[in-house]
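Below are the chains, spelled out letter by letter.
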There are 2 protein chains.
Amino acid sequence: MTRHDHAGRRARLRALAAERGLDAVLVTDLVNVRYLTGFTGSNGALLLRVEGSDVFGTDGRYTTQAGTQVPDVELLVDRATVGALARAAAGVGRLGYESHVVTVDGLRGLEGAVGSTELVSLRQAVEALRAVKDADEVEALRRACTVADQALAELAAEGALRPGRTELAVGRELDARMLALGAEAPSFETIVAAGTNSAIPHHRPDTTELRAGDFLKLDFGATVDGYHSDMTRTLVLGHAADWQTEVYALVQESQAAGRAALAVGTDVTAVDAASRDVIAAAGHAEHFTHGLGHGVGLQIHEAPGISALGAGTLAAGMAVTVEPGVYLPGHGGVRIEDTLIVTDGEPELLTLTSKELLVL
Amino acid sequence: MTRHDHAGRRARLRALAAERGLDAVLVTDLVNVRYLTGFTGSNGALLLRVEGSDVFGTDGRYTTQAGTQVPDVELLVDRATVGALARAAAGVGRLGYESHVVTVDGLRGLEGAVGSTELVSLRQAVEALRAVKDADEVEALRRACTVADQALAELAAEGALRPGRTELAVGRELDARMLALGAEAPSFETIVAAGTNSAIPHHRPDTTELRAGDFLKLDFGATVDGYHSDMTRTLVLGHAADWQTEVYALVQESQAAGRAALAVGTDVTAVDAASRDVIAAAGHAEHFTHGLGHGVGLQIHEAPGISALGAGTLAAGMAVTVEPGVYLPGHGGVRIEDTLIVTDGEPELLTLTSKELLVL
């Protein structure tokens, strides 16, 4: 497992807190806590002080794990972890907290614990830091994508994607293969959608059998070192009909346009539009029912969102998906998705499986 | 997949809302939404009206899935699902919402959407309903426990738990076996803890090798039809030393005492005490560092919590774990855990793997 630069990340958050006039920050989102400390347990929080030392809190189940994973931050062990950290923060002037994560009940608890300290929304400051990946994170994503590429290549080579098999069986085999190749887990519940099910953007695999002449849509990924890959490929079993070739070519062109639009400084809505316009021009606007893509990292969906409703511009080091789709209810659908890194030049493509229409 | 009685569950919540003087309830916790509607996607919410019809909300990705899974509730499709449902609730007098789930930012959004409607905490009303399982839920839990039992039996029979193998390899094999036996997923990240790692209550499997004479602690479960099983067994590879036999016998006695205390009307703190007292009497109070157990169902941890800090009494139909442990840092630890159903008579044991010290 890579040793990530947690101290560096905390330093960046500290600088940002100081800029905003905060004296300390209480980070309670578990993924953000992992990002800032390396802790992977199910209960942990971080009190980060602009001046003075930080405190990492967890409960007795994780005392040993915290010692190993977070050796460089003072440890506080308390069953009521967040409350204990809040009491430790009592007396600071302004305390940033994650108002998008803390529940209404949770805020009531914080207010009781911090006394006269002013609680100020941190907004999604840690998520914003997380959107730009450092070299170690890109390497983890690269490995996660390689595992997914290889799992699919092996299944295809072994003839596992053949008529008569069920979506569930294919999904389980894909998952098992990713685990065997070193994934900690699938990135999310693997989508295997055969025939008309491929027209359902997020179909849950069931006992539907793969049939000759049908689309087979696979949307899956691997988690490696906590980082998630995300890839969709759509293929045809047996002979592809003309309508299938046409829809596929359209999505392929749209996806290429989306990838080509990934450049530093580009607004996320413009990236979405670059891809969507291709589909709209072909008269299929209403068959592309979701956003174009999303950031990936310690979570399968994270900043930046790439859609017509998104906000912000791309920066070098962002890891994003580009995944347009055209779904024809009752017939079938195609989605093609890659995970890429935004760079100062061409984006780096991490999911390397061919995007030519694979006819098995 | 079992067809659960979602309408009956909504009727119970409706009665409870009426009792509390609410006109409607907005359920946003995804697990609670699944419990009340059957919806398994990643975005959905339910507006339940005391008088008048209910509305299920989701976004365009799930239109088809919602039609299949929630055929009996009016559907509202909107990208900003919760906001749209809140607007649909504007005008009702008192609207219950889940203050333990809705974030501070989320409440701000709700307030903006509902206008003059009064927002009232629903407290954990749906979780309280969920704590008591109906027959279909018990059947799903039974199947989930059977998968875990069988996976472990197969691994043991095949000699997969032998010196030289790594914790990670054993964990992956256990996971793969559960999937092959029909699990949708492991219930949680499988714990495999060999040797001194067994003294860590929640050890994450790593490349530590299993060795003769060491404890091997396995804490794992299977998800079937959304329901989670949870079981821990600790065994010894090769010859068991006297200290291992002694610690094991102590935890075994404590666990039996905890199971024997599972009776309708018993306070959860008394169940915890029944098991804990056995360990304390042997001088190991400080080596049992966590609560005795927890409810299981659509979540791996749900109501009721069974610990010294818990509150409430047991009711027939509750599904709970009993899992005392004694952890000797630097040496090793033992935990024995079952999943059981509280009944009017003896509790029903769902995890049937032997609890005699298995020496492999």
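Cut-offs applied
- Residues numbered from 1 in each chain as written.
- Chains lettered and ligands numbered in written order.
- Predicted model: local features only at pLDDT ≥ 70, side-chain atom pairs only at ≥ 80, totals over all residues.
- Heavy atoms only, no water.
- Helix = DSSP H or I, 4+ residues; strand = E, 2+ residues; numbered from the N terminus.
- Rg over C-alpha atoms; globule rule 2.2 N^0.38 Å.
- Buried < 20%, exposed > 50% of the residue type's maximum accessible area, 1.4 Å probe, protein only.
- Contact = heavy atoms within 4.5 Å.
- Areas by Shrake-Rupley, 256 points an atom, 1.4 Å probe, with all protein chains shown as cover.
- Expected span 1.5 Å × (residues − 1).
- Bend = angle between axes of the 7 residues up to and from the residue.
- Pairing = 2+ DSSP bridges.
- Axes fitted to C-alpha atoms, helices over the stretch in contact; angles between N-to-C directions.
- 1 Å grid on protein atoms, 1.4 Å probe; cavity = no way out; pocket = protein on both sides within 12 Å on 5 of 7 lines; lining within 4 Å.
- Points joined across faces, edges and corners; volume = space filled by probe spheres on them.
- Nonpolar A, V, L, I, M, F, W, Y, C, P; charged D, E, K, R; others polar.

Any chance you could explain the overall build of chain A here in plain terms?
For chain A, the count of helices and strands is ten helices and 19 strands. A compact globule built from 360 residues would reach a C-alpha radius of gyration of about 21 Å, and chain A, at 23 Å, matches this within 12%. Dimensions of chain A, computed from the C-alpha atoms along their principal axes, are close to 70 × 40 × 35 Å. Of all 360 residues assigned to chain A, the portion counted as buried reaches 56%. Partitioning the intrachain contacts of chain A with sequence separation of at least 6 by distance along the chain shows that 66% fall at a separation of at least 24. As presented, chain A carries roughly 13,300 Å² of accessible surface, and 54% of it is formed by carbon and sulfur atoms.

What is the right way to read helix α10 (residues 268-281) of chain A from this model?
Spacing of three or four residues puts side chains on the same side of an α-helix, whose turn is 3.6 residues. Residues and elements named next belong to chain A. Between its terminal C-alpha atoms α10 stretches 20 Å, which fits the 20 Å expected from 14 residues at 1.5 Å a residue. The largest bend in α10 comes to about 30 degrees, at Ser 275. All of the buried residues along α10 are Val 268, Val 271, Asp 272, Ser 275, Arg 276, Val 278 and Ile 279. Each element contacted by the buried residues of α10 is listed here: α9 (242-260), β14 (302-306) and β16 (325-328).

Teacher, can you tell me more about helix α2 (residues 30-37) of chain B here?
Residue and element names in this part refer to chain B. When you tally the buried positions in α2, you get seven out of eight residues, the bulk of the element. Looking at α2, one finds that the buried residues are Val 31, Asn 32, Val 33, Arg 34, Tyr 35, Leu 36 and Thr 37. Looking one or two residues beyond α2, the residue adopting positive phi is Gly 38, at roughly 95 degrees.

Would you explain the sheet that holds strand β11 (residues 227-228) of chain B in this entry?
To summarise the sheet geometry, strands pair through backbone hydrogen bonds and adopt either a parallel or an antiparallel arrangement. All names here are of chain B. Across the sheet, three strands lie side by side as β7-β10-β11; this open sheet has antiparallel pairing. Pairing within the sheet leaves two strands with one partner each, and these edge strands are β7 (185-186) and β11. Lying on the sheet, helix α7 (residues 135-157) is in contact with β10 (222-224) and β11; it crosses β10 at an angle near 140 degrees.

Can you walk me through the layout of surface pockets in this structure?
Think of a ball as big as a water molecule: rolled over the atoms, this probe shows where empty space is left. By volume, the second largest pocket is sized at about 200 Å³. Looking at the second largest pocket, it is lined by 13 residues, and the ones nearest its centre are A:Thr64, B:Ala199, B:Pro201, B:Tyr327 and B:Pro329. In the lining of the second largest pocket, the residues fall into five nonpolar, six polar and two charged.

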